[in-house]
Amino acid sequence: DTAVSQTPKYLVTQMGNDKSIKCEQNLGHDTMYWYKQDSKKFLKIMFSYNNKELIINETVPNRFSPKSPDKAHLNLHINSLELGDSAVYFCASNTGTGIPGELFFGEGSRLTVL
Amino acid sequence: AQSVTQLGSHVSVSEGALVLLRCNYSSSVPPYLFWYVQYPNQGLQLLLKYTTGATLVKGINGFEAEFKKSETSFHLTKPSAHMSDAAEYFCAVMNRDDKIIFGKGTRLHILP
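Basis of the calculations
Residues numbered from 1 in each chain as written. Chains lettered and ligands numbered in written order. Predicted model: local features only at pLDDT ≥ 70, side-chain atom pairs only at ≥ 80, totals over all residues. Heavy atoms only, no water. Helix = DSSP H or I, 4+ residues; strand = E, 2+ residues; numbered from the N terminus. Rg over C-alpha atoms; globule rule 2.2 N^0.38 Å. Buried < 20%, exposed > 50% of the residue type's maximum accessible area, 1.4 Å probe, protein only. Contact = heavy atoms within 4.5 Å. Salt bridge = Lys/Arg side-chain N within 4 Å of Asp/Glu carboxyl O. Polar contact = N/O pair within 3.5 Å; in protein donor to acceptor, adjacent residues only side chain to side chain. Nonpolar A, V, L, I, M, F, W, Y, C, P; charged D, E, K, R; others polar. Pairing = 2+ DSSP bridges. Axes fitted to C-alpha atoms, helices over the stretch in contact; angles between N-to-C directions. Disulfide = S-S within 2.5 Å.

K.L.:
How should the overall build of chain A be read in this particular structure?
P.N.:
Secondary structure assignment for chain A yields zero helices and 11 strands. Each helix and strand of chain A, ordered N terminal to C terminal, gives the series β-β-β-β-β-β-β-β-β-β-β. A compact globule built from 114 residues would reach a C-alpha radius of gyration of about 13 Å, and chain A, at 13 Å, matches this within 12%. The buried share of chain A, taken over its 114 residues, is 44%. Looking at chain A alone, contacts between residues at least 24 apart form 54% of all its contacts between residues at least 6 apart.

K.L.:
Explanation requested: the interface of chain B and chain A in the structure shown.
P.N.:
A common way to express how large an interface is: the accessible area buried when the components associate. Each partner contributes to the interface: chain B provides 22 residues, whereas chain A provides 25 residues. Applying the counting rule to chain B against chain A returns zero salt bridges. Where chain B meets chain A, there are three residue pairs in polar contact (both at pLDDT 80 or more). Broken down by secondary-structure element, the contributors of at least two residues to the side of chain B that touches chain A are strand S4 (32-38), strand S5 (44-50), strand S9 (87-94) and strand S10 (100-102) of chain B. Per element, the largest residue contribution to the side of chain B that touches chain A is four residues, and it comes from S4(B). Class assignment of the residues belonging to the side of chain B that touches chain A gives a composition of nine nonpolar, six polar and seven charged.

K.L.:
Help me understand the sheet that holds strand S7 (residues 64-68) of chain B in this model?
P.N.:
As a general point, the strands of a sheet are linked pairwise by backbone hydrogen bonds and lie either parallel or antiparallel. Residues and elements named next belong to chain B. Spatial ordering of the open sheet is given by S1-S3-S8-S7-S6, a layout of five strands whose pairing is antiparallel. This sheet does not close on itself; its edge strands, each paired only once, are strand S1 (3-7) and strand S6 (56-58). Going across the sheet, the axis of each strand differs from the next one's by a mean of 20°, ignoring polarity. Bridging between S6 and S7 involves three bridges; their strand directions are antiparallel. Across the sheet, Leu56 pairs through a bridge with Glu66, a residue of S7.

K.L.:
Help me out: how do you make sense of the state of the cysteines in this one?
P.N.:
Linking two cysteines covalently via their sulfur atoms produces the bond known as a disulfide. The final tally for this structure, using the stated rule, is two disulfides over all chains. Bridging A:Cys23 to A:Cys91, the disulfide has an S-S length of 1.9 Å. Between A:Cys23 and A:Cys91, the disulfide has an S-S torsion of -80° and is therefore left-handed. Placement of the pair is A:Cys23 in strand S3 (residues 19-25) and A:Cys91 in strand S9 (residues 87-94), with a sequence separation of 68 residues. In this structure, A:Cys23 and A:Cys91 share a single accessibility class: buried. Disulfide pairing is shown between B:Cys23 and B:Cys91; the S-S distance is 1.9 Å. A torsion of -65° about the S-S bond marks the disulfide between B:Cys23 and B:Cys91 as left-handed. You can see B:Cys23 sitting in strand S3 (residues 19-26) and its partner B:Cys91 sitting in strand S9, a full 68 residues away along the chain.

What follows is the structure in structure tokens.
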């Protein structure tokens, strides 16, 4: 019974294509995140949504567009993929703002752009 | 701005030896501090966290960390390393707007 699930787990695509990664959490959390982990394992926050509302947008190119249809889902759409977009993308959730709760991570979606 | 520095991108210890992974932070307000572990091809999972109260925090798998405000440190320790501890470890700091900033990670290698 996966708490935070991402699909697909692996994605290989050509430069210039558009792709989406989906994330769902069944923990009842209000806040969801997208993180990008590069080849050196550096983990950088991209976006955060609280109850469908965007609260953090970390100078990410506007080719990346998150979408939260409801508080249990946070999808990531990437337009015009570039080589530098190759990374592992992690979805995460926690209980909400102002509470130092733990982040629950999905298993990651490894994106390879050729 | 808050930041986290992990000293040593790779640390090797022998099985049964003490594990010490170093983390220093900078923060203008009392921080919330975390250690996460990432096993190969998996997401991160929480080892332990410091929010308020006791400065020595115990976590899962025998790990603990001590918050030292005077040294702005939150080093992770385990008395006796096990082969299963081999993983990537991330120190993180959380600020009051709920943004969690991660360090660059330390890969822990366990030598037989």
